[in-house]
Amino acid sequence: MRVFVAGASGAIGSRLVPQLVEQGHEVIGTFRSPRHADRVRTLGAEAIALDLLDARAVRNAVMETRPEAIVHQATALADVRFSRNLDRSFAPTNRLRTEGTDALLAAAREAGVSRFVAQSFAPFRYAREGGPVKTEDDPLDPDPVATARETNAAMRYLDQAVTDAGGIALRYGGFYGAANDGLLEPVRKRQFPIVGNGGGVSSFIHFDDAARATVLALDHDGPGIYNIVDDEPAPVRDWLPVLAEVLGAKPPRHVPRWLARLIAGEGAVMMGTESRGASNAKAKRELGWSLRYPSWRQGFMAAYGSSVPTERTPSTSDR
Ligand SMILES: NC(=O)c1ccc[n+]([C@@H]2O[C@H](COP(=O)([O-])OP(=O)(O)OC[C@H]3O[C@@H](n4cnc5c(N)ncnc54)[C@H](OP(=O)(O)O)[C@@H]3O)[C@@H](O)[C@H]2O)c1
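Source: prediction; values computed, not measured.

**Focus: a nonpolar patch on the surface**
- Taken together, the side chains of W258, L262 and I263 make up a nonpolar region of the molecular surface, amounting to roughly 400 Å² of accessible area.
- If you trace the backbone, W258 turns up in helix α9 (residues 257-264).
- Relative accessible area serves as the criterion here: at 57%, W258 is assigned to the exposed category.

**A look at the site of the ligand**
- Neighbouring residues of the ligand: 26 residues in total, closest S9, A11, S33, T75 and Q119.
- Here an oxygen atom of the ligand and a backbone polar atom of R32 are 2.8 Å apart.
- L77 places a polar main-chain atom, nitrogen or oxygen, 2.9 Å from an oxygen atom of the ligand.
- For the ligand, the accessible surface in isolation is 890 Å², of which the surrounding protein chains cover 88%.

**Some points on the side chain of N280**
- Along the chain, the position of N280 falls in the loop between β15 (277-278) and α11 (281-287).
- Here N280 falls in the buried class, since its relative accessible area comes to 7%.
- A distance of 3.4 Å separates a polar atom in the side chain of N280 from the backbone oxygen of D230.
- A distance of 2.7 Å separates the side chain of N280 from the side chain of D231, its partner in a polar contact.
- When near neighbours in sequence (up to four residues on either side) are disregarded, N280 contacts N227, V229, D230, D231, W289 and L291.

Conventions adopted
Residues numbered from 1 in each chain as written. Predicted model: local features only at pLDDT ≥ 70, side-chain atom pairs only at ≥ 80, totals over all residues. Heavy atoms only, no water. Patch = residues over 30% accessible without salt bridge, like charges linked within 9 Å, V, L, I, M, F, W, Y side chains within 5 Å. Areas by Shrake-Rupley, 256 points an atom, 1.4 Å probe, with all protein chains shown as cover. Salt bridge = Lys/Arg side-chain N within 4 Å of Asp/Glu carboxyl O. Helix = DSSP H or I, 4+ residues; strand = E, 2+ residues; numbered from the N terminus. Buried < 20%, exposed > 50% of the residue type's maximum accessible area, 1.4 Å probe, protein only. Near = heavy atom within 4 Å. Polar contact = N/O pair within 3.5 Å; in protein donor to acceptor, adjacent residues only side chain to side chain. Contact = heavy atoms within 4.5 Å.

Okay, here's the thing in structure tokens:
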């Protein structure tokens, strides 16, 4: 199949392209920063510079390359400093998830591309009530924290637009598996605390397993939404000390909710104390997906542990 990967030079795209090539697909990979052309070529794809916010350019790129499938993995989170206002940090990504998705879907329609898979996100989105682990059928948070409303709305928009068009939205877990993962520095510096009772549940996914699920989704008929997360959704109080230990850092600090609210904002309190995890049962059942790292316990060790060489993707400073 000819597969058009928007965001081929990114953290997930650069894991996905080699897997697609290995499966015998022909890949057209887009990048945004001019210095990333060589990287995309080295991954085995035909490299195309593309700004997803330029709808005319998107149309032309898709019409000229005539793919049979499109994968949307473009986000703008590299080098972002996550502030207490998540909507500010995510603003460029939110545009890629709304306007960028629209541009790609319009181009897909015009070019007759029937297969469409896009990056969505599972953590911190499900309603903060009931059990700790949610399926794709469970309701999303009807009242996200004020500083993350636009970000939640952009993800809802993407899920809806993609599935309305017959495509597949993959709600990935929190990505990990690269030496420059955003979590690492704060955990090493003890700047990532356990808030309150640390009961907020996180769902993770290693980049390699995320890429494998994406390859499988391309062979699956839509529409559909899938949680692409590992087998062990876990409260922060469980996974954070393990990550600190793997990194050789001191154990995380504990801070009360009021102090976390003051320092890091309501979003951090929600993630640390109330968020729900996600179930991967549907993706395993319907996509036939299995995981190389079924739990972050093995995955953190494989990615960051000193006993196993770090699986390194180029850091942004290498680019
Ligand atoms: N995905 C999430 O929801 C999420 C959430 C929290 C944290 N993170 C973390 O953030 C880190 C990297 O984030 P990332 O995946 O956004 O960055 P990334 O790895 O740099 O990948 C984003 C991809 O989108 C492309 N892109 C950016 N702006 C574009 C535009 N206007 N038009 C077309 N393509 C565009 C990039 O191209 P160029 O590279 O050529 O610029 C790149 O190929 C990872 O460590 C990840 O774990 C991700």
